[in-house]
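# Fold and contact review
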Amino acid sequence: MDELSQQEFRNYIGGEWVPCASGATAPNINPADTADVVGRFPLSDAVDGARAVDAAQAAFAAWRDTPISKRAAILFRAAQHLEDHADSVARELTREEGKSLALARDEVLRSAQTIRFYAVEGQSFTGETFVNDDPDMVVYSQREPLGVVTVISPWNFPISIPARKIAPALISGNTVVFKPSSDAPLSGYRLAEAFVQAGLPPGVLNLVIGPASKVGQAITAAPAVRAISFTGSTAAGEQIHRGAGLTTRTQMELGGKNPLIVLADADLERAVDLAVKGGFSLSGQACTGTSRLLVDRKVLPAFTDKLLARMKALTIGNGLDGNFDLGPLATRKQLDTVLSYVALGKQEATHLTGGDRLEGSGFDRGYYVTPALFTGVTQQMRIAREEIFGPVLALIAVDGYDEAIACANDTEYGLSAAIATTDARYAHRFARDIQAGTVKINRTTTGNLINAPFGGLKSSSTSTFRESGRVGLEFYTQIKTVYRAG
Ligand code: NAD
């Protein structure tokens, strides 16, 4: 028990750190050691949600009218604050979520970089002028903020995902209600704290922490909420999207069932590397993580042997103790889901290795599962269709490029997809044929740039607006067209 374990964290509403209305809190559990409590966090309900929306609405007019250079200066200071505290924030992130310290540190620094990116890009995000027949008239469009924006984020990237939503919202002049996942709330709390330390005026950013069942409706269905940017599961995103009002914009970034195609001409060592890194980094808990390996039958035996050898060498452990390839799964629910899919896979397909809960010293109190591989998988099987979100890979044999593409696209999802090939023709065709928002050629399905658009197709996204990059600002602004004569 250290000081952090006993600390009671609060919401941040209307410029004050406040307990939730009920006063109830819940422990934040370290998934590598469930006896370790990483602070206690509010169990907010609809009362707190409504207060946060009201505070954001009250702060909107003044924030919209704040000069953009001042808004940008606050974002720059928030980014600096995160960088100055990168080591401690990364440690806490690892302790509450389980990923390795190196990955956590990268994530914190990436968040600072994202905030800076939007502080700059947001200052030059403009409308257009339009030629017309009247020499005395100027026609132009201007971009304006929307009002109150609700940001809801998952536990797997608990600081970088909310950073890429909150920064463009704020620089554009919106006010924000932010609900991080209760399964990793401390990182979101530190992000909010960075903006507060940077001098954000009261009510411009409001943090409300609590279970979706209690607080969700109040921060998504309220008429004052003009936009919802959500990242999480397809089921939750669909529910929120359907419940949003006519004048509430939604941006839903959801689940995936991402394929890596390995053609017969691929460099097999490299293809195996893509499978291992794409499938098992973050213990398979990345939305863009590889979960289906569509391998040409001609190279399937060689690919499988090499993959099994690489998997044997993977290390598993507590991210705070060293740079392990895999950490624990992030929650008890994640553990149960992954183990149930492993059991299902053993009935549906041929189990080659892994999928066991690790026991013994150092593992007993954590949610550790060994990386799993199934072969003989077909597209009809549930392990090939449903998002598992864990370290489980399914090998599916295909004959040639056309069958590989047909299999890859035979899914409700369309988040990310990769191909391993040395044939330039297939690389080009793949970019055109694949139904995915992120297309990788000889790269892992995971990973995306701060300055490039990001988002899925099909049920992986509402595909309304893209996140990330310059286009990420579009979601947070509305367009007016002005006709000005004489
Ligand atoms: P989740 O859907 O359970 O929860 C995500 C967030 O939404 C949490 O903060 C949760 O409390 C909140 N939430 C859930 N239902 C809600 C409701 N009805 N109203 C308001 N808030 C609600 O997802 P998770 O388990 O935290 O994260 C894993 C999922 O996120 C996976 O499906 C993964 O693919 C997806 N994900 C997608 C992306 C992407 O960019 N597409 C990135 C990361 C994770």
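Structure shown above.
Notes on the structure follow. (Residues numbered from 1 in each chain as written. Predicted model: local features only at pLDDT ≥ 70, side-chain atom pairs only at ≥ 80, totals over all residues. Heavy atoms only, no water.)

On to the overall build of the chain, then. Regarding its fold elements, the chain presents 15 helices and 21 strands. Here the C-alpha atoms of the chain give a radius of gyration of 23 Å, agreeing with the 23 Å that 2.2 N^0.38 yields for 486 residues. Along the longest, intermediate and shortest principal axes, the C-alpha atoms of the chain span 75 × 65 × 40 Å. Per-residue burial for the chain yields a buried fraction of 58% across its 486 residues. Relative to all contacts within the chain whose residues are 6 or more apart in sequence, the contacts with residues 24 or more apart total 73%. On the chain, roughly 19,400 Å² of surface is accessible, and the fraction owed to carbon and sulfur atoms is 51%. (Helix = DSSP H or I, 4+ residues; strand = E, 2+ residues; numbered from the N terminus. Rg over C-alpha atoms; globule rule 2.2 N^0.38 Å. Buried < 20%, exposed > 50% of the residue type's maximum accessible area, 1.4 Å probe, protein only. Contact = heavy atoms within 4.5 Å. Areas by Shrake-Rupley, 256 points an atom, 1.4 Å probe, with all protein chains shown as cover.)

Before going further, it helps to spend a moment on the nonpolar core. Counting 54 residues, the largest nonpolar core has Ile-115, Ile-166, Leu-170, Leu-191 and Phe-195 as the members making the most contacts within it. Ignoring sequence-local partners within four residues, the contact set of Phe-195 consists of Ile-74, Leu-75, Ala-78, Ile-115, Ile-166, Leu-170, Leu-200 and Leu-205. With 33 residues, the next largest nonpolar core counts Val-342, Val-369, Val-392 and Phe-430 among its residues. (Core = buried A, V, L, I, M, F, W, Y, C linked by side-chain atoms within 4.5 Å.)

What follows deals with the side chain of Glu-121. Following the sequence through the fold, Glu-121 ends up in helix H5 (residues 101-121). There is a polar contact of 2.7 Å between the side chain of Glu-121 and the side chain of Arg-470. Not counting chain neighbours up to four residues away, the residues in contact with Glu-121 comprise Arg-470 and Leu-473. (Polar contact = N/O pair within 3.5 Å; in protein donor to acceptor, adjacent residues only side chain to side chain.)

So, on to the packing of aromatic side chains. Under the counting rule described, the total for this entry stands at eleven aromatic pairs. Here Tyr-401 and Tyr-426 contribute two aromatic rings whose centre-to-centre distance is 4.9 Å and whose plane-to-plane angle is 25°, an arrangement assigned as stacked. A residue pair is termed long-range when its members are at least 10 positions apart, and Tyr-401 in helix H14 (residues 400-409) and Tyr-426 in helix H15 (residues 424-433) qualify at 25 residues. Taking the relative accessible area as the measure of exposure, Tyr-401 reaches 5% and is therefore buried. The exposure class assigned to Tyr-426 is partly exposed, which follows from its relative accessible area of 22%. On the basis of an interplanar angle of 70° and a centroid distance of 5.4 Å, the ring pair of Phe-465 and Phe-475 is categorised as edge-to-face. (Phe/Tyr/Trp six-rings, centres within 6.5 Å; stacked < 30°, edge-to-face > 60°.)

This part takes up the sheet that holds strand S21 (residues 477-485). The strand order across the open sheet formed by three strands is S5-S6-S21, and the pairing between neighbours is antiparallel. At either end of the open sheet lies a strand with only one pairing partner, and these are strand S5 (129-130) and S21. Here nine bridges tie strand S6 (residues 137-145) to S21, and the two strands are oriented antiparallel to one another. Residue pairing for S21: Pro-145 is matched across the bridge by Thr-477. (Pairing = 2+ DSSP bridges.)

At a minimum axis separation of 8 Å, helix H4 (residues 86-97) and H5 run at an interaxial angle of 125°. Judged on the interaxial angle alone, H5 and H4 are oblique. Between H4 and H5 lies a crossing whose hand is right-handed. Residues Ala-86, Asp-87, Val-89, Ala-90, Arg-91, Leu-93 and Thr-94 of H4 form the contact with H5, whose participating residues are Leu-101, Ala-104, Arg-105, Glu-107, Val-108 and Leu-109. Among the residues making up the contact of H4 with H5, the classes are represented as eight nonpolar, one polar and four charged. (Axes fitted to C-alpha atoms, helices over the stretch in contact; angles between N-to-C directions. Parallel < 35°, antiparallel > 145°, perpendicular 65-115°, else oblique. Left-handed = near helix turned anticlockwise from the far one by under 90°. Nonpolar A, V, L, I, M, F, W, Y, C, P; charged D, E, K, R; others polar.)

The next subject is the sheet that holds strand S12 (residues 258-262). Here we have seven strands laid out as an open sheet, ordered S14-S15-S16-S13-S12-S18-S19, and mixed in their pairing. Each having just a single partner strand, strand S14 (350-353) and strand S19 (438-441) make up the two edges of the open sheet. Across the sheet, the axes of successive neighbouring strands diverge by a mean angle of 20°, strand direction being ignored. The strands touched by helix H12 (residues 332-348) within the sheet are S14, strand S15 (372-375) and strand S16 (392-398), with S15 carrying the most contacts at an inclination of about 25°. Sheet contacts for H14: S12, strand S13 (290-296), S16 and strand S18 (416-420); angle to S13, the most-contacted strand, approximately 160°.

To continue, consider the pairing of S12. Burial analysis of S12 places five of its five residues in the buried class, which makes it a mostly covered element. Bridging between S12 and S13 involves five bridges; their strand directions are parallel. Its bridge partner being in S13, Val-262 is matched across the sheet by Val-295. Once the chain exits S12 it traverses helix H10 (residues 268-280) before rejoining the sheet at S13, and the crossover so formed is right-handed. (Right-handed = clockwise from strand over helix to strand, strands pointing away.)

Once that is clear, we can look at the site of the ligand. Residues in contact with the ligand amount to 27 residues; listed here are only the nearest, Ser-153, Lys-179, Ser-233, Leu-254 and Glu-387. Interatomic distance of 2.6 Å between a side-chain N/O atom of Ser-233 and an oxygen atom of the ligand. Residue Leu-254 places a main-chain N or O atom 2.8 Å away from a nitrogen atom belonging to the ligand. Relative to its unbound accessible surface of 850 Å², the ligand loses 88% to contact with the protein. (Near = heavy atom within 4 Å.)

Among the secondary structure elements, Asp-433 is positioned in helix H15. Overall, Asp-433 belongs to the partly exposed group, its relative accessible area being 22%. Expressed as a C-alpha distance, the spacing of Asp-433 and Asp-84, which sit 349 residues apart in the sequence, is 44 Å. When sequence neighbours within four positions are dropped, the list of residues in contact with Asp-433 reads Tyr-401, Ile-405 and Asn-409. Among the polar contacts made by the side chain of Asp-433, one reaches the side chain of Tyr-401 at a distance of 2.7 Å. Of note is the side chain of Asp-433, whose polar atom sits 3.2 Å from the side chain of Arg-432.

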